[in-house]
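Residues per chain are reported as follows:
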Amino acid sequence: MTLIKKIKKDYFNSPLNSILTLLVIFLLTKVGIWFVNWAFINAVWVGDSAAVATKNGATWAFIVNKIRFFMFGFFPKDQIWRIIVAIVLIAMSMIPYFIKGIKYKIFIFAGHMLLWPLIIFIMLSGGGIFEKVSTNDWGGLTLTIILSLLGLLYSFPIGVVLALSRRSELPVIRGLSIAYIEFFRGIPLITILFMSSVVVPFFLPEGVAIDKIVRVVIGMTFFQSAYLAEVIRGGLQAIPKGQYEAAESLGFRFGLQSYLIILPQVFKITVSNIGGISISFIKDTTLVLIIGMFDLLGIVNPLASDSNWLGMEPEGLIFAGIVYWLICYSISRITDKAEDKLNTLPESGDKK
Amino acid sequence: MSENSIITINGLNKWYGDFHVLKDVDLRVEAGEKIVVCGPSGSGKSTLIRCINHLEKHQKGSINVLGNELNDDIKNISAIREEVGMCFQSFNLFPHLSILDNLTLAPIWVRKMSKKDAEKIAWKYLKRVNIAEHAHKFPAQLSGGQQQRAAIARSLCMQPKIMLFDEPTSALDPEMVNEVLDVMVSLAEEGMTMIVVTHEMGFARRVADHVIFMDEGKIVERQVPDKFFKNPENERTIEFLKQIHAIS
């Protein structure tokens, strides 16, 4: 009864509003029915070529057929197990974070900064142990994840150092930090990517070659760390002066004071911003398609150029969009959870 | 420098920009001595005690704490800070840590104590200040008085030789002032060297060996409490005391 009243009051309170409401309902239904028809009812799930496509249904058979390329790029089919092993190893290396009573969790992080590229190099590239796979063949979701993971892994510590230096009392350190941040925030990521793929090799001494992926990760790290530094600086500014004074009066010096007292509070304040910025970094990795790398988005075009599957871009793009959405939505959920957890005080009373 | 004096301040001067906060302050504190510093706001009393553990940097004069001359050497400063505890008006507990972790943090990381030993000391002082039952709560879950007692306990866990109090009861609701003062009185009775900036004249009468009156950056008068309250010498002191009496 009240629901009907509420609907009447909110959506049908005047002739014009009633008409608008009906119009919107009509359009939504129309589009909804069309989409369900296209995506599900008339969709084709099985088939070997574009010949199975129907006029008003999606051809998901394209995705089903090419799923290996979407996930692993042009990595040789018989070597894909190496990617899986790399993922498992990286996931396992996170276990120490969840072990209680480890005093220096920061060393685990530092360990990852060395370990993860090593795992990726040995397992994916071959590292002299396995059959060599050129980084040109890396692609799809694997490439997206490698770029995002390494970019975030390195830009975090650099961002923290930049943020702390920007508040330093030493003018030289502060100046350098400001110059770095303002420089990299002032140029578009695309420019950095072009520079790293086209200009940097030009300046390298003869005989020295740095792999394109390494150059791209370095370029993205420069860019992302500048943004992260500003987010973290915002958090630093929110910490009351009394916290520093209390820490100092207990004998803490700068390093331990930052690590134990200031930064934990900063992360608590900035966790949702850091989550948000991570999401935009992940989406920014799609720009590598411009310098000829085939990440999850970039690989849609070459796959849809397969003469058996001409005209399959819409399905490919929608699929890539869904995967990006799933990744970004999970991160957003994780940061929400983390924020809740950080902001809830434990049940009062002794928990012993 | 007398043999017993553990804080010796000579000719201390400090400026905030053009503002001359401390003017030629001399102060000697002996081991076990309790000194109450009072004076109108802006007289430099907080600045004075904040200079002692170098939260404020002085520009002229010398401060010697426990035989260490305060200078810009960070090692020297840290060494002094480890021996000098400080309590603030706004408590400044670490909000992301439980009360117990607040207490053990510095002993573990600065004193390099084992977690077990640090907790043993922490429990001792938590019981002393009567908040043991709140050990696993977070600062935000405690009343102001409880937080200030926790902050005192946190300083004591470093087993300091000197305690500085910067208006420890000024931010408290009136009914919580006494629970904090009681802790401070018992600390004084145990022989802790204390410098207390406060307007609690009852406390000054009870525990102070000397009361110092500051005005416009100078120590105007230094007396034993009896004389200070009954028979002050300086005009400004008399005026100040009148004002305080008028309120209470």
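Residues numbered from 1 in each chain as written. Chains lettered and ligands numbered in written order. Predicted model: local features only at pLDDT ≥ 70, side-chain atom pairs only at ≥ 80, totals over all residues. Heavy atoms only, no water.

Peer 1: Would you explain the sheet that holds strand β5 (residues 68-69) of chain B in this entry?
Peer 2: Neighbouring strands of a sheet are bound in pairs by backbone hydrogen bonds; such pairs are parallel or else antiparallel. Residue and element names in this part refer to chain B. Strand order in this open sheet of four strands is β2-β1-β4-β5, and the pairing throughout is antiparallel. At either margin of the open sheet sits one strand with a lone partner, and together these are β2 (19-30) and β5. Pairing analysis gives eight bridges linking strand β1 (residues 5-16) to β2, with the strands arranged antiparallel. Within β2, the position partnered with tryptophan 15 by the bridge is histidine 20. Lying on the sheet, helix α1 (residues 45-52) is in contact with β1, β2 and β4 (60-65); it crosses β1 at an angle near 120°. (Pairing = 2+ DSSP bridges. Helix = DSSP H or I, 4+ residues; strand = E, 2+ residues; numbered from the N terminus. Contact = heavy atoms within 4.5 Å. Axes fitted to C-alpha atoms, helices over the stretch in contact; angles between N-to-C directions.)

Peer 1: How do you make sense of the interface of chain B and chain A when you look at a structure like this?
Peer 2: Taken together, the 30 residues of chain B in the interface contact 28 residues of chain A. A combined buried area of about 2600 Å² lies between chain B and chain A, and 66% of that area is made up of carbon and sulfur atoms. It is His96, Trp109 and His136 of chain B in chain B that bury the most area against chain A; as a group they hold 27% of the surface buried on that side. For the pair chain B and chain A, the number of links is two salt bridges. The salt bridge involving glutamate 245 of chain A is made with arginine 50 of chain B; its shortest N-O contact spans 2.6 Å. The tally of links from chain B across to chain A stands at five residue pairs in polar contact (both at pLDDT 80 or more). Mapped by element, the contributors of at least two residues to the side of chain B that touches chain A are α2 (74-83), β6 (84-87), α3 (99-109) and α5 (144-156) of chain B. Counting residues per element, the side of chain B that touches chain A draws most heavily on α2 of chain B, which supplies five residues. Of the residues that constitute the side of chain B that touches chain A, the class distribution is 17 nonpolar, seven polar and six charged. (Buried area = accessible area lost by both parts, 1.4 Å probe. Salt bridge = Lys/Arg side-chain N within 4 Å of Asp/Glu carboxyl O. Polar contact = N/O pair within 3.5 Å; in protein donor to acceptor, adjacent residues only side chain to side chain. Nonpolar A, V, L, I, M, F, W, Y, C, P; charged D, E, K, R; others polar.)

Peer 1: Looking at this structure, how should I read empty space enclosed by the protein?
Peer 2: Leftover empty space is mapped by rolling, across the atoms, a probe with the size of a water molecule. Under the counting rule described, the total for this entry stands at two cavities of 30 Å³ or more. Of the volumes computed, that of the largest cavity is approximately 40 Å³. Lining the largest cavity we find Ser249 and Leu250 of chain A together with Arg81, Glu82, Val84, Gly85, Met86, Ser155 and Met158 of chain B. Broken down by secondary-structure element, the contributors of at least two residues to the lining of the largest cavity are α2 and β6 of chain B. (1 Å grid on protein atoms, 1.4 Å probe; cavity = no way out; pocket = protein on both sides within 12 Å on 5 of 7 lines; lining within 4 Å. Points joined across faces, edges and corners; volume = space filled by probe spheres on them.)

Peer 1: Looking at this model, I keep getting lost on the pattern of salt bridges. Mind explaining?
Peer 2: A complete count under the given rule lists 26 salt bridges over all chains for this structure. The residue arginine 111 of chain B makes a salt bridge to glutamate 82 of chain B at a minimum N-O spacing of 3.0 Å. Of this pair, arginine 111 of chain B sits in the loop between α3 and α4 (115-128) while glutamate 82 of chain B is found in helix α2, placing the two residues 29 residues apart along the sequence. Looking at arginine 111 of chain B, the relative accessible area reads 25%, which means it is partly exposed. One salt-bridge network, held together by shared partners, links Arg166, Glu182, Arg185, Glu230 and Arg233 of chain A. (Buried < 20%, exposed > 50% of the residue type's maximum accessible area, 1.4 Å probe, protein only.)

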